[in-house]
Amino acid sequence: MGAVINDSDFVSEEITKALIEAAHDHIEPLAIQAPIVSSYNERIRPLLDCVDRLRNLKVMQEGIQLPTIVVVGDQSSGKSSVLESLAGISLPRGQGICTRVPLIMRLQSHPSPVPELSLEFNGRVVPTDEDHIAEAIRVATDEIAGKSKGISNVPMTLTVKKNGVPDLTMVDLPGITRVPVHGQPEDIYEQISAIIMEYIKPEESIILNVLSATVDFSTCESIRMSQKVDKTGERTLAVVTKADKSPEGLLEKVTADDVNIGLGYVCVRNRIGDESYGEARAVEAMLFETHPLLSKIHKSMVGIPVLAQKLVQIQATIISKCLPDIVRKINDKLTASVAELNKLPQQLKSVPEAVTAFMRIISSAKESLRKIFIRGEFDEYPDEKEMHCTARLAEMLSAYSEDLQSISIQSEQKQTFLVEEISILEEAKGINLPNFLPRSVFLISLQKKVRAVSATPDEFVNKFWEYLQGVLVPVLMKHSANYPQLQPSIRRAAQSLVSKKREQSVDWVLQIIEMEKLTDYTCNPEYAATWHDLMKSQDRFMIIMNDGKKSTTLEIDGIGEVEVGHLRNHLVVAQQAFDLKMRMTAYWKIVLRRLVDSMALHLLFSSQNLVNKDLETEMVNELMGPHGGGLERMLEESPSVADKRDRLNGSIRLLRESKETVAEIMDNIAAYGD
């Protein structure tokens, strides 16, 4: 070992060069040929093969993340040199961004002395060799990302089977650059950042952050990005390149760990000039052994072989940890995809099949409507209160009753008590016996009150059928969702049916209004009882009328306090007017109750008929009539359903193949263990 100097001493670049030259002179042939990872665990390769095959199957498209070593670094950080040293091959070099697409590097230790290299991109595999691999990558990159300096997120896969390389799979991403050069898009930084964040964000990703010893680590953009997704650094390993270029203070930088690198640091020396990879490793080993400053860094933190060993161990750990979860996710996703596929409508191939499917839609929709319209069961729509029809109808009827009552109350002015009745009696007088209440007078008063409320029932039935249509159409759309080509016709049929039912209800309202105006009749004994109770106040009323000194107000049970002083000028008809008023008050309560009760019965009866009889007839006429063409349309699967079916079938094939792949490899591992 060479002389060691104090940390405070300045180590010149000349000393470093001298050490490297000395190392070249003392390289032993055996060291050049030594594999990077000397002890290879046979269990690692099957696990890695499993993940690689899943990646090749594109299982990540199904939202299943795979354990991945992701290589990131600022532009000119020496990222390509590290990967070259691990793989023992030459990658594209030059000014600007050399890696313009994600490069998946699959390194496999191979017993044969002849390396096997292949490049897979755009669905094809291109064999190559060590002399031509850099050019092959350039050609493939141009085909994927174009011949300019732009980038793409479409990956290519480089497989390197070579004696002595570590069993690793890594994803090399474009180097981070902030300032676009000529030929690059203005948002090059944003594009690169998006690609990097997509790869390093999953918890299954191990971040291999390549840092140059010549810069302050805290200023590196790659550090800033990795800290965004891995704040504690528990899945980040740092590689410090160009250790020979800037040895001063490197020990302090990697031991202080100001940037939270949880998996530690490995310092390496980049290959220079025409050095072979074996020579470069030997020079690197001597550098860290003899350099006055670099030799103080612990041996577990220096050299490409240490980096390779660490990556193999980290990779094996993360794969072993994630594989059971990957198997579970594949099974869960497969089960969900099969269930979703089974929910899709059967592909109809004949008119009888279409008829069966159509009748099934009607049957299921009718059952849902019976639940919410008739039985008040809301299990299909527990949180959608607008679909709780019986409750909403009860509220609407209550509001309808209140509206009728409020109109009647507004027409009753206590200061004009009996004025209207006296006016009617004055106009109806004739040559007949006095103190006799003609029936025509009662009918005139009744008709006037009925006309005052006649608009309210009409408004209510329109409001009811508008609400019912708002429930009916969504239910039908839900049950016909698998046949979107039918939905316009189904919607049209529902709207047409509701329109017909609304017209029927409007006609019915006109009839009951006319019936109430036609005659005064009830067999309800409450009428006579109420009238009798009200008439108990007549004697007190007449006493006040005949005695000018008495109070001018009267308290009547069921009506309240009224002003009567203004009636003393009408003593001749006051008693008749009082009787007419009390009869009308008692009868009007019956009329209002009848308007509400009959409305409730009518609407319940109409909605029940709509569900049980009218709906099916209307839909059949619309869809299966001579001009409907609904059955023929059912045989034409909608593009959205067809696309969904193809997508699910593709997912199921992929997931089943992935499941078989994992099962096969796990069986092999188990057999190997036995």
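Procedures and definitions
Residues numbered from 1 in each chain as written. Predicted model: local features only at pLDDT ≥ 70, side-chain atom pairs only at ≥ 80, totals over all residues. Heavy atoms only, no water. Helix = DSSP H or I, 4+ residues; strand = E, 2+ residues; numbered from the N terminus. Contact = heavy atoms within 4.5 Å. Areas by Shrake-Rupley, 256 points an atom, 1.4 Å probe, with all protein chains shown as cover. Buried < 20%, exposed > 50% of the residue type's maximum accessible area, 1.4 Å probe, protein only. Pairing = 2+ DSSP bridges. Axes fitted to C-alpha atoms, helices over the stretch in contact; angles between N-to-C directions. Phe/Tyr/Trp six-rings, centres within 6.5 Å; stacked < 30°, edge-to-face > 60°. Lys NZ or Arg CZ within 6 Å of the ring centre and 35° of its normal. Parallel < 35°, antiparallel > 145°, perpendicular 65-115°, else oblique. Left-handed = near helix turned anticlockwise from the far one by under 90°. Nonpolar A, V, L, I, M, F, W, Y, C, P; charged D, E, K, R; others polar. Salt bridge = Lys/Arg side-chain N within 4 Å of Asp/Glu carboxyl O. Expected span 1.5 Å × (residues − 1). pLDDT = per-residue confidence, 0-100. Polar contact = N/O pair within 3.5 Å; in protein donor to acceptor, adjacent residues only side chain to side chain.

Asker: Explain the overall build of the protein to me, please; I cannot follow it from the model alone.
Answerer: The helix and strand inventory of the protein stands at 21 helices and eleven strands. The long-range share in the protein, meaning contacts at least 24 apart out of those at least 6 apart in sequence, stands at 79%. Entry remark: accessible area of the protein is about 33,200 Å², with carbon and sulfur atoms responsible for 53%.

Asker: What's the story with helix 4 (residues 79-87) in this structure? I'm lost.
Answerer: For an α-helix the count is 3.6 residues per turn, leaving residues at separations of three or four pointing the same way. Most of helix 4 sits out of view: nine of its nine residues are buried. Taken together, the buried positions of helix 4 are K79, S80, S81, V82, L83, E84, S85, L86 and A87. A positive backbone phi angle near 70° is found at G88, which sits one or two residues after helix 4.

Asker: What's the story with the sheet that holds strand 1 (residues 68-73) in this structure? I'm lost.
Answerer: Whenever strands of a sheet pair, they do so through backbone hydrogen bonds, lying parallel or antiparallel. Ordered by their spatial adjacency, nine strands build an open sheet running 4-3-5-2-6-1-7-8-9, and the pairing between neighbours is mixed. On the outer flanks of this sheet lie strand 4 (124-128) and strand 9 (265-267), each paired with one strand and no other. With direction set aside, neighbouring strand axes in the sheet form an average angle of 20°. Bridge count between strand 8 (residues 236-241) and strand 9: three bridges; the pairing is parallel.

Asker: Any chance you could explain the packing of aromatic side chains here in plain terms?
Answerer: The geometry of two aromatic rings is summed up by the distance between their centres and the angle between their planes. Applying the stated criterion across every chain yields a total of six aromatic pairs. Summarising the aromatic geometry, the rings of Y527 and Y587 are spaced 6.2 Å apart at their centres and angled 90° between planes, so their arrangement reads as edge-to-face. One end of the pair, Y527, is in helix 17 (residues 525-535); the other, Y587, is in helix 19 (residues 571-624), with 60 residues separating them in the sequence. Residue classification places Y587 among the buried positions, given a relative accessible area of 2%. Every member of this aromatic cluster is reached through a ring pair, and the members are F442, Y527 and Y587. Stacked on the ring of W588, the Lys or Arg K449 has its end atom at 5.1 Å from the ring centre. Stacked on the ring of W531, the Lys or Arg R583 has its end atom at 4.3 Å from the ring centre.

Asker: Mind showing me how you'd approach the packing of helix 6 (residues 188-200) against helix 7 (residues 221-229) here?
Answerer: Each pair of packed helices can be described by the angle between their axes along with the distance between the axes. Two numbers describe how helix 6 lies on helix 7: the axes approach to 10 Å, and their chain directions differ by 45°. Taken together, helix 6 and helix 7 sit at an angle that is classed as oblique. Judged by the sense of rotation from one axis to the other, the crossing of helix 6 with helix 7 is right-handed. For the pair helix 6 and helix 7, the contacting residues are Y189, S193, I196, M197 and I200 in the first and E221, R224, M225, S226, K228 and V229 in the second. A per-class count over the contact of helix 6 with helix 7 returns six nonpolar, two polar and three charged.

Asker: What is the right way to read the pattern of salt bridges from this model?
Answerer: Pairing between side chains becomes possible if they bear opposite charge and their charged atoms approach one another. In this structure the tally under the stated criterion is 34 salt bridges. Between R224 and E221 there is a salt bridge; the shortest N-O distance is 2.3 Å. Here E221 and R224 lie together in helix 7, a separation of three residues that amounts to about one turn. Taking relative accessible area as the criterion, E221 reaches 10% and is therefore assigned buried.

Asker: Sorry if this is basic, but what is going on with the pairing of strand 1 here?
Answerer: Note on strand geometry: in a regular strand, side chains alternate between the two faces of the sheet. Buried residues dominate strand 1, accounting for six of its six residues. Of the two faces of strand 1, the one lined by T68, V70 and V72 and the one lined by I69, V71 and G73 are each fully buried. With six bridges joining them, strand 1 and strand 7 (residues 205-212) adopt parallel strand pairing. Among the inter-strand pairings, G73 is bridged to a residue of strand 7, identified as V210.

Asker: What exactly am I supposed to notice about unusual backbone geometry here?
Answerer: What you tend to see is this: most non-glycine residues have negative phi, and most peptide bonds are trans. The backbone phi angle of N122 is positive, close to 50°, even though this residue is not glycine. Along the chain, the position of N122 falls in the loop between strand 3 (116-121) and strand 4. Of note in this structure, K242 is not a glycine but carries a positive phi near 55°. Secondary-structure assignment places K242 in the loop between strand 8 and helix 8 (250-256). Residue classification places K242 among the partly exposed positions, given a relative accessible area of 22%.

Asker: Whenever I open this one, the side chain of T157 confuses me. Can you help?
Answerer: Tracing the sequence through the fold places T157 in strand 5 (residues 156-162). According to the relative accessible area criterion, T157 is buried, its value standing at 12%. In this structure, T157 is in contact with I104, R106, S118, L119 and E120, ignoring residues within four places of it in sequence.

Asker: Sorry if this is basic, but what is going on with the environment of L341 here?
Answerer: Looking at the secondary structure, you find L341 in helix 10 (residues 304-343). A relative accessible area of 18% places L341 in the buried class. Between the C-alpha atoms of L341 and D646, which are 305 residues apart in sequence, the distance is 9.5 Å.

Asker: Help me understand the packing of helix 15 (residues 455-479) against helix 16 (residues 487-518) in this model?
Answerer: Contact geometry of helix 15 with helix 16 gives a least axis separation of 9 Å together with a crossing angle of 160°. Between helix 15 and helix 16, the angle is such that the two are roughly antiparallel. Considering how the two elements wind past one another, helix 15 and helix 16 form a crossing that is right-handed. On the side of helix 15, the interface is formed by P457, D458, V461, N462, W465, E466, L468, Q469, L472, V473, L476 and M477, while helix 16 contributes Q487, I490, R491, A494, Q495, V498, K501, R502, S505, V506, V509 and I513. Residue composition of the contact of helix 15 with helix 16, by class: 14 nonpolar, five polar and five charged.

Asker: How should I be thinking about helix 11 (residues 351-375) in this particular structure?
Answerer: The terminal C-alpha atoms of helix 11 lie 34 Å apart, and with 25 residues this matches the ideal 36 Å at 1.5 Å per residue to within 8%. By the burial criterion, the buried members of helix 11 are A354, A357, F358, I361, I362, A365, K366, S368, L369, K371, I372 and F373.

Asker: I would appreciate a short explanation of the pairing of strand 2 (residues 103-109) in the present structure.
Answerer: For strand 2, a buried count of six out of seven residues is recorded, marking the element as mostly surrounded by other parts of the structure. Sheet topology note: the strand 2/strand 6 (residues 168-172) ladder contains five bridges and is antiparallel. The partner of I104 across the bridge, within strand 6, is V171.

Asker: What is the right way to look at the confidence of the model for the protein in this model?
Answerer: Keep in mind that low pLDDT regions are not for reading the predicted coordinates in detail. When pLDDT is averaged along the protein, the result is 83, and 87% of the positions lie at 70 or above. Mean pLDDT per element in the protein: helix 2 (residues 29-33) is the minimum at 37, and helix 15 is the maximum at 95. For the stretch residues 1-12, pLDDT sits under 50, and the model shows 22 contacts to residues farther than four places along the chain or on other chains. Of the regions scoring below 50 in pLDDT, residues 26-35 engages in ten contacts with residues more than four places distant in sequence or in other chains.

Asker: Is there a simple way to think about the environment of E526 in this case?
Answerer: By secondary structure assignment, the location of E526 is in helix 17. Relative accessible area serves as the criterion here: at 31%, E526 is assigned to the partly exposed category. Between the alpha carbons of E526 and A586 there is a distance of 8.1 Å; along the sequence they are 60 residues apart. In this structure, E526 is in contact with I590 and R593, ignoring residues within four places of it in sequence. Separated by 3.0 Å, the side chains of E526 and R593 make a polar contact.

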